[in-house]
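# Structure at a glance
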Amino acid sequence: MKLSFRWYGDDDPVTLDKIKQIPGMVGIVTAIYDIPAGEAWPYEKIAALKDKVEAAGLKITAIESVPVPEAIKLGVEPRDRYIENYKTTLRNLGQAGIEVVTYNFMPVFDWTRSELDHKLADGSEALIYREDEVKAMNPLSGDLDLPGWDTSYTKAELNDLMSAYQEISPEKLWDNLEYFLKEIIPVAEEENIKMAIHPDDPPWSIFGLPRIIVGQENLRRFLKLVDSPANGLALCSGSLGVNPENDVPAIIREFGDRIHFAHVRNIKITGDKGFEEAAHLSEKGSLDMYEIMKAYYDVGFEGPMRPDHGRMIWGETGKPGYGLYDRALGATYLNGLWEAIQKSNR
Ligand code: DNO
């Protein structure tokens, strides 16, 4: 595996030189943040980003994400123009030598939590999710501040978007996903890019919106939509793992070489559709991180792997889930597990 870290670009207080000091760190996972979803990424901007990362002694191991605009998910105009732009972006990324591209197919909202700074017993702060609290939230009231929230929507736009999705059943969303994949996967193949869909987080419907990338059976269906090695997964243990029916090590073993990117983090299930983001250490949450890492080892995983969200510890402030300290501890823990598994398999 290639140990990697997410970096949010020049505005990220967690700078490349800090990331470089984490033992064993080789990769950066990043994106171009100032181009609206749907528009093509110019080659020059990609090349400049790549140069910056390489000048810090690191390498871009995955792009996370090239966002899929809502018109593609809804299957409405200007879907085809956006798909052409997406293909241009993939061609430009391919030309720059990028090997893995992440995206998701969650309607309107990316990852969603009910609280971003919940105090845990040890004094650290974590992101948590409680279904009753999310149910009580009104996305249209405009006063929510969630990490996956696209604040660029006006209230009226959000209203229109939410009502457009009233027409979109889960089956319709599958159709729109298939349409998109059939267009872009051949381009990814030509460019030697592995596309990696991120599972829905949490893996169930929120605010009445359909969500389909939620568990083992649906992942199987997804991979068959276009049965190509270029059509793969960004397997996120923390997203899938909050549903106790999702056996993460079994999922890794089943999809093996179709997993192109690994997000490895722990969560603690606190009730039905309720969870806290825990420290990476197995005993702090509900997932067995050793079994997860062992499954990656056994399937011969060689792609980028990143510690995922961290708690806020030692007084750090910053982007919820994306501070330096706890993610660095997570990286070190993953390294430790990996070394032990490697050595015990000699
Ligand atoms: C959250 C992330 C997601 C992910 C996107 C991929 O921390 O894992 O926001 O980047 O869903 O498109």
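For the structure, see preceding data.
Conventions adopted
- Residues numbered from 1 in each chain as written.
- Predicted model: local features only at pLDDT ≥ 70, side-chain atom pairs only at ≥ 80, totals over all residues.
- Heavy atoms only, no water.
- Salt bridge = Lys/Arg side-chain N within 4 Å of Asp/Glu carboxyl O.
- Helix = DSSP H or I, 4+ residues; strand = E, 2+ residues; numbered from the N terminus.
- Buried < 20%, exposed > 50% of the residue type's maximum accessible area, 1.4 Å probe, protein only.
- Core = buried A, V, L, I, M, F, W, Y, C linked by side-chain atoms within 4.5 Å.
- Contact = heavy atoms within 4.5 Å.
- Expected span 1.5 Å × (residues − 1).
- Bend = angle between axes of the 7 residues up to and from the residue.
- Axes fitted to C-alpha atoms, helices over the stretch in contact; angles between N-to-C directions.
- Parallel < 35°, antiparallel > 145°, perpendicular 65-115°, else oblique.
- Left-handed = near helix turned anticlockwise from the far one by under 90°.
- Nonpolar A, V, L, I, M, F, W, Y, C, P; charged D, E, K, R; others polar.

Time to look at the pattern of salt bridges. Overall, the coordinates contain 26 salt bridges when judged by the stated rule. Here Glu277 makes a salt bridge to Arg113, at a shortest N to O gap of 2.7 Å. Of this pair, Glu277 sits in strand 11 (residues 274-277) while Arg113 sits in the loop between strand 4 (100-104) and strand 5 (115-119), placing them 164 residues apart in sequence. By relative accessible area, which is 4% here, Glu277 ends up buried. Of the charged contacts, one joins Lys343 and Glu339 as a salt bridge, the two residues approaching to 2.7 Å between their closest N and O atoms. With Lys343 and Glu339 both in helix 12 (residues 325-344), this residue pair falls four residues apart, about one helical turn. One continuous salt-bridge network, built from bridges that share partners, spans Arg6, Glu64, Arg113, Asp201, Arg265, Glu277, Arg306 and Asp308.

This part is about the nonpolar core. Counting residues in each nonpolar core, the largest one holds 96 residues, and the members touching the most others are Leu177, Phe180, Phe222 and Tyr296. Counting residues per element, this core draws most heavily on helix 7 (residues 170-190), at nine residues. Setting aside anything within four residues of it in sequence, one finds Phe222 in contact with Tyr103, Trp174, Leu177, Leu181, Ile197, Ile213, Asn231, Gly232 and Leu233.

On to helix 7, then. Its 21 residues give helix 7 an end-to-end C-alpha distance of 30 Å, which sits within 8% of 30 Å, the value for a rise of 1.5 Å per residue. At Ile184, helix 7 shows its strongest bend, of approximately 30°, with the proline Pro186 following within four residues. Turning to helix 7, its buried residues number three or more, namely Leu173, Trp174, Asn176, Leu177, Phe180, Leu181, Ile184, Ile185, Val187 and Ala188. Looking at the buried residues of helix 7, the elements they touch are helix 3 (70-74), helix 4 (79-95), strand 4, strand 7 (194-198), helix 8 (216-225) and strand 8 (231-236). Taken from the residues just after helix 7, Asn192 is the one with a positive phi, measuring 55°.

The next subject is the packing of helix 4 against helix 7. As a packed pair, helix 4 and helix 7 sit with axes 9 Å apart at the nearest point and diverge in direction by 25°. Taken together, the axis directions place helix 4 and helix 7 in an arrangement best described as roughly parallel. The hand of the helix 4/helix 7 crossing is right-handed. Seen from helix 4, the contacting residues are Arg79, Asp80, Ile83, Glu84, Tyr86, Lys87, Leu90 and Arg91; seen from helix 7, they are Asn176, Tyr179, Phe180, Glu183, Ile184, Val187, Ala188 and Glu190. The class makeup of the residues in the contact of helix 4 with helix 7 is eight nonpolar, one polar and seven charged.

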